[in-house]
Amino acid sequence: MAKIIVEKSAPLKGTVRVSGAKNSVLPIIAASLLAQEHCTLEDIPELKDVEVICEVLTSIGSDIKKKPNGIIEINSSRIDNFEAPYELVRKMRASFLVMGPLLARMGRARIALPGGCAIGTRPIDLHLKGFHALGAKIDVGHGYVEASAEKLVGDKIYLDFPSVGATENIMMAATMAEGITIIQNAAEEPEIVDLANYLNGMGAQIKGAGTDTIRIQGVQALKGTRHAVIPDRVEAGTYMVAAAMTGGDVTVLNALPDHLKPIIAKLKECGVEVQENGDHVRVRALNGVNSTDIKTLPYPGFPTDMQAQFMAMLSIAKGTSVVIETVFENRFMHAGELKRMGADIKIEGRSAVVQGVDKLQGAQVTATDLRAGAALILAGLIADGKTEIGDIYHIERGYVGIEDKLRQLGAKIYRSED
Ligand SMILES: CC(=O)N[C@H]1[C@@H](OP(=O)(O)OP(=O)(O)OC[C@H]2O[C@@H](n3ccc(=O)[nH]c3=O)[C@H](O)[C@@H]2O)O[C@H](CO)[C@@H](O)[C@@H]1O
Ligand SMILES: C=C(OP(=O)(O)O)C(=O)O
């Protein structure tokens, strides 16, 4: 089984470029099912998750051409299937994002129910509530959800929680519904805005993306377009924390400070210097890192996808930090692995109390999920000796060439195929 090996490294120095956002590109590729003509996407990260969503579209009948320089072309003019099987959905929950587009385009969709995962049970009730409100008949059975509608009709949909996936799926389903759909308490993440911009480029009429109320005026059909996805704010944040933890000086390119506000604010609270420029940030930590408290929240709150990486950093900060996870009910699996490296972390329900220690020690650890894996890499950079991380397929879901990018900054990190 492949492993990532990390050895104690010098302070990271240099520049690193962030790839296109995983959480933008997945719904955007799913949305390509809506267009009658071919779409061109730029800055597509070479990730396992991108491969899986492309497999899902191909199985539905889209023609996907991979071009050089992170460009892909998707032609969904002749889709002939309305099903996403368990073999694909179980590889990646985000496969469920094809349900909204299929319902809009084919009037029918049959998708395997995504299960829970290491971070929580992750129900899809809000997605289904939205489809039902638009007039779809929903049947759940034998591990599949089947939705069908002769026509979708716009309605007002209030989300009990600003779910990212539900907002995206409902927004896509509503693009061609009759009349107006209003999503209230919608998620406001930058990835929602990116998806809305893509859909509007196809001819959709979506207003308010990025606020808690999104208004979609249905149109007859959607056409082809060209779109470049936004940079990955979680990848950017991960390299920023790597710079801070190692006492380094790193410029992160293709990082939008506007999308990184909570991360920048929290790093500054820890005494880390962050310089914001148009599309890059420079992070310097010359005097160690101080403790701080963190509470994860929907955007523009502190992102749950950065919680594990911050916990790794806070485990060697001066003082005690409290980390509260409000978005997922079980996103502290990395704490157990960090403790194996010598971190002092106590978990009480959704709170973790992190008492900073002077040093971590390298150990054999397991990436329990994507960001847990990233956190263990960061911990390995400052831990004495060698850290061996297993189950790295989680990390490959969301980070393009993380070993190469960190090595470029001076980290001692490599992949072992043993
Ligand atoms: C591919 C992608 O974009 N993934 C991101 C997306 O996941 P995802 O879209 O799955 O996350 P959601 O915002 O939907 O989930 C947030 C919370 O809402 C709950 N919920 C969600 C839907 C639903 O129908 N019912 C329900 O109860 C979930 O269990 C969770 O506790 O947003 C998360 C929250 O920022 C991020 O961590 C993920 O990286
Ligand atoms: C939880 C994450 O992703 P997903 O929703 O794809 O599991 C993540 O990116 O940290």
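Parameters and conventions
- Residues numbered from 1 in each chain as written.
- Chains lettered and ligands numbered in written order.
- Predicted model: local features only at pLDDT ≥ 70, side-chain atom pairs only at ≥ 80, totals over all residues.
- Heavy atoms only, no water.
- Helix = DSSP H or I, 4+ residues; strand = E, 2+ residues; numbered from the N terminus.
- Rg over C-alpha atoms; globule rule 2.2 N^0.38 Å.
- Buried < 20%, exposed > 50% of the residue type's maximum accessible area, 1.4 Å probe, protein only.
- Areas by Shrake-Rupley, 256 points an atom, 1.4 Å probe, with all protein chains shown as cover.
- Lys, Arg positive; Asp, Glu negative; His and termini not counted.
- Charge placed at Lys NZ, Arg CZ, Asp CG, Glu CD.
- Phe/Tyr/Trp six-rings, centres within 6.5 Å; stacked < 30°, edge-to-face > 60°.
- Lys NZ or Arg CZ within 6 Å of the ring centre and 35° of its normal.
- Disulfide = S-S within 2.5 Å.
- Pairing = 2+ DSSP bridges.
- Expected span 1.5 Å × (residues − 1).
- Polar contact = N/O pair within 3.5 Å; in protein donor to acceptor, adjacent residues only side chain to side chain.

If you tally the helices and strands in the protein chain, you get 14 helices and 24 strands. Relative to its length of 418 residues, the protein chain is compact, with a C-alpha radius of gyration of 21 Å against a globular reference of 22 Å. For the protein chain, the spread of C-alpha atoms along the three principal axes comes to 65 × 45 × 40 Å. For the protein chain, the residues scored as buried account for 56% of the 418 residues in total. Here the protein chain has roughly 16,200 Å² of accessible surface; of this, 48% comes from carbon and sulfur atoms. Charged side chains in the protein chain number 46 positive and 51 negative. The centres of these two groups are separated by 1 Å.

Here the focus is the packing of aromatic side chains. If you walk through the whole model with that rule in mind, you get one aromatic pair. Judged by centre distance (5.0 Å) and plane angle (85°), the rings of F302 and F310 are edge-to-face. The exposure classification of F302 matches that of F310, with both residues buried. The ring of Y144 has R110 lying over it, and the distance from NZ or CZ to the ring centre is 4.0 Å.

Scanning all chains against the criterion turns up zero disulfides. No disulfide involves C39; its sulfur sits 13 Å from that of C54, the nearest cysteine.

The mixed open sheet is built from four strands, whose spatial order is β6-β7-β9-β8. Each edge of the open sheet is held by one strand with a lone partner, namely β6 (83-84) and β8 (137-141). As paired strands, β6 and strand β7 (residues 108-112) are joined by two bridges and run parallel to one another. Across the sheet, residue E83 finds its bridge partner in β7, namely R110.

Time to look at helix α8 (residues 233-245). Given a rise of 1.5 Å per residue, 13 residues ought to cover 18 Å, and the 18 Å separating the end C-alpha atoms of α8 matches this to within 8%. The N-capping residue of α8, defined by a side-chain oxygen 2.9 Å from the backbone nitrogen of V234, is D232. Positive backbone phi, at 70°, marks G247, one or two positions downstream of α8.

Purely geometric stuff here, so don't read any function into it on its own.
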